[in-house]
Amino acid sequence: RSKAHLLAAVHAAIEAVASDRIDYFPSFEIMMDDLRDYRFYQETDLLHPSRAAGDYIHDKLVDAYFDQQEAHLRKTMHQIYRASQHRPLQPHSSNHQAFIRQQADRVTQVEKQNPHVDVTHLRAAFPRSPVPPG
């Protein structure tokens, strides 16, 4: 019931299937070896990984399994999503309307370059027509 037995079982399962599409990502080992410092654990209990630890491990996962084009798409989608969460103080201002048009253009660009990606939820967040004052 040790970690070594679990890891051996994972490798045996991978070999049994004989597929290059199955792999083991060592997130636990990264946490234990690379992120031993207390700053990588939540302050409330010093037991659970912090946001910084999750981000570090996520970056390692992206580096290991995504090519540059996929990583760039993921980053762009994340930026657009973050922009969709923005709540303006003055939604009818010309600056905010320009921001909406800019993000709508980014969504269109992603859609054209990656027709397999569903951007419906992002398209709804950035309507092409200006928001009327209300």
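One can find the structure itself at the top, above this paragraph.
Overview of the structure.

Concerning the pattern of salt bridges
Here is step 1: Using the criterion set out here, one finds 3 salt bridges in the structure.
Here is step 2: With a shortest N-O distance of 4.0 Å, Asp-37 and Arg-39 are connected by a salt bridge.
Here is step 3: A relative accessible area of 60% places Arg-39 in the exposed class.
Here is step 4: Between Asp-55 and Arg-51 there is a salt bridge, with the nearest N and O atoms lying 3.9 Å from each other. Placement of both Asp-55 and Arg-51 in helix H3 (residues 51-65) is noted, with a separation of 4 residues, approximately one turn of the helix.

Regarding helix H4 (residues 68-84)
Here is step 1: The end-to-end C-alpha distance of H4 is 24 Å, a good match for the 24 Å that 17 residues give at a rise of 1.5 Å each.
Here is step 2: For H4, every residue scored as buried is listed here: Leu-73, Thr-76, Met-77, Ile-80, Ala-83 and Ser-84. Considered in projection along H4, the buried side chains sweep an arc of 120 degrees and stay on one side of the axis. Every exposed residue of H4 that faces more than 90 degrees away from the buried side is listed here: Gln-68 and Arg-82.
Here is step 3: Buried residues belonging to H4 abut helix H5 (94-113) and helix H6 (120-125).
Here is step 4: Among the residues of H4, the N-terminal cap falls to Asp-67, whose side-chain oxygen and the backbone nitrogen of Gln-69 are separated by 3.1 Å.

Procedures and definitions
- Residues numbered from 1 in each chain as written.
- Predicted model: local features only at pLDDT ≥ 70, side-chain atom pairs only at ≥ 80, totals over all residues.
- Heavy atoms only, no water.
- Salt bridge = Lys/Arg side-chain N within 4 Å of Asp/Glu carboxyl O.
- Buried < 20%, exposed > 50% of the residue type's maximum accessible area, 1.4 Å probe, protein only.
- Helix = DSSP H or I, 4+ residues; strand = E, 2+ residues; numbered from the N terminus.
- Expected span 1.5 Å × (residues − 1).
- Arc of directions from axis to C-beta.
- Contact = heavy atoms within 4.5 Å.
- Polar contact = N/O pair within 3.5 Å; in protein donor to acceptor, adjacent residues only side chain to side chain.

In short, geometric facts, not functional conclusions.
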